[in-house]
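# Fold and contact review
Chain by chain, the residues run as shown.
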Amino acid sequence: MKKTVLFGALTAAGLAAGAAAAGTLDDVKARGTLNCGVATGLVGFATPDANGEWQGFDVAVCRAVAAAVLGDATAVEFVPTTGKTRFTALASGEIDMLARNTTWTFSRDVDLKFTFVGVNYYDGQGFMVPKDLGVSSAKELDGATVCIQTGTTTELNLADFFRINGISYEPVPIETNAEAQQQYLAGACDVYTTDASGLAATRAAFEAPNDHVLLPEIISKEPLGPLVRHGDNEWGDVVRWTLNALISAEELGITSANISEMSAGTNNPEINRILGTEGTLGEMLGLDADWAAKAITAGGNYGEIFEKNIGESTPIGLARGLNAQWTDGGLLYSPPFR
């Protein structure tokens, strides 16, 4: 009797978990669009262009997921979120995934009940100041006013840094990057602090970017990546392995230019498994065999997406650094497709 009850309880729990896990993937397929949470506007990462079309590094991840699931990289509804609203939007189901320069932390993973599916940008918190302020180190900012986005990891990092160095500051709370830019340029704060990539993107949008400098200190680890809700394992796998497909594609030499040729078959079994000409990886995810090929075709591999949106040839001018492939001395690394 006890065994029967236990088995029944386990079966019920398994069915409940299965239903929860399958929910978002089924919803996205039924809806025909992916609802993706992004920043309210950060050049190079997520911002509408002159035609109202969303562009950027994080946007490309959303489009890759839409291509993998729906076969259409344009089937995305972009939902702008702030540091304060992003987690509520995800938890409530308003968005299916969040791809918005969000740091993977213990409390967000465990306490807020989100699942980070990977890291698409290894970053760290920095400081930007007007050149005419005449400082060359963040340790010279005693008594400075600092623009800082509320609801972010940067608040605690900032407090820790100033406390450790025995200096004081006056916070100027802001909610969006656009507000921070406005306040900073208006002189409401001496310093703007956020992820170093965000500072580079913000500075690139200034009329006179050379009038502003990024100080050398990086005061934190900020692994940024897409996230989904806890308990949605099937959907988490889809988003996780789509990101991994973009990363592995660069490592294996799959590009937007040669993917059609490679999709006809190669002598590399892992490439064939990724592109769906061997194995049943797509079936395991509940997707078509060529799901990863569609994701890569949407915007190219990780390296192509990086260079197009935020790389050294763009106004933002970010070097690959930690975001280089592991084979090139960086941290970028995908588990194997097998």
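Everything below is about the structure shown above.
First things first, this report covers the structure right here in the doc. (Residues numbered from 1 in each chain as written. Predicted model: local features only at pLDDT ≥ 70, side-chain atom pairs only at ≥ 80, totals over all residues. Heavy atoms only, no water.)

Before going further, it helps to spend a moment on helix α12 (residues 291-299). Among the residues of α12, W291, A292, A293, A295 and I296 are the ones counted as buried. One or two positions beyond α12, positive phi appears at G300, with a value near 95°. (Buried < 20%, exposed > 50% of the residue type's maximum accessible area, 1.4 Å probe, protein only. Helix = DSSP H or I, 4+ residues; strand = E, 2+ residues; numbered from the N terminus.)

Going through the model one piece at a time under the given rule, you end up with 6 salt bridges. R31 is paired through a salt bridge with D96; the nearest N and O atoms lie 2.8 Å apart. Here R31, found in helix α1 (residues 2-31), pairs with D96, found in the loop between α3 (86-91) and β5 (97-98); they are 65 residues apart in sequence, far enough to count as distant. Residue D96 is classed as buried on the basis of its relative accessible area of 2%. In this structure, the salt-bridge partner of K294 is D290, at a minimum N-O distance of 3.3 Å. Residue K294 is classed as partly exposed on the basis of its relative accessible area, which comes to 24%. (Salt bridge = Lys/Arg side-chain N within 4 Å of Asp/Glu carboxyl O.)

Considering all chains together, one arrives at 16 aromatic pairs under this definition. Both rings, one in W104 and one in F116, keep their centres 5.6 Å apart while their planes meet at 5°; by these two values the pair is stacked. Of this pair, W104 sits in the loop between β5 and α4 (106-110) while F116 sits in strand β6 (residues 114-116), and the two are 12 residues apart along the sequence. The class for W104 is partly exposed, based on a relative accessible area of 34%. For the ring pair Y302 and F306, a centre distance of 6.2 Å and an interplane angle of 35° mean the geometry is tilted. Here the residue Y302 and the residue F306 both occupy positions in helix α13 (residues 302-309), the gap between them amounting to 4 residues, near one helical turn. Residue Y302 is classed as buried on the basis of its relative accessible area, which comes to 3%. (Phe/Tyr/Trp six-rings, centres within 6.5 Å; stacked < 30°, edge-to-face > 60°.)

With a phi close to 20°, N101 is a non-glycine residue in the positive phi region. Positive phi, close to 65°, is recorded for K113, a residue that is not glycine. Here K113 lies in the loop between α4 and β6. Its relative accessible area of 47% is what places K113 among the partly exposed residues.

Before going further, it helps to examine the packing of helix α8 (residues 233-252) against α13. It is at 6 Å that the axes of α8 and α13 come closest, and there the two elements cross at 95°. Taken together, the axes of α8 and α13 are roughly perpendicular relative to one another. Along its contact with α8, which presents L246, I247 and E250, the element α13 presents Y302, G303 and I305. Residue composition of the contact of α8 with α13, grouped by class: 4 nonpolar, 1 polar and 1 charged. (Axes fitted to C-alpha atoms, helices over the stretch in contact; angles between N-to-C directions. Parallel < 35°, antiparallel > 145°, perpendicular 65-115°, else oblique. Contact = heavy atoms within 4.5 Å. Nonpolar A, V, L, I, M, F, W, Y, C, P; charged D, E, K, R; others polar.)

Moving on to the environment of T266. With respect to the secondary-structure elements, T266 resides in the loop between α9 (259-262) and α10 (269-275). C-alpha separation for the pair T266 and V238, spaced 28 residues apart in sequence, amounts to 24 Å. Here T266 is in contact with I271 and N272, once residues within four sequence places are set aside. Engagement of the side chain of T266 in a polar contact is seen with the backbone nitrogen of N268, the distance being 3.1 Å. (Polar contact = N/O pair within 3.5 Å; in protein donor to acceptor, adjacent residues only side chain to side chain.)

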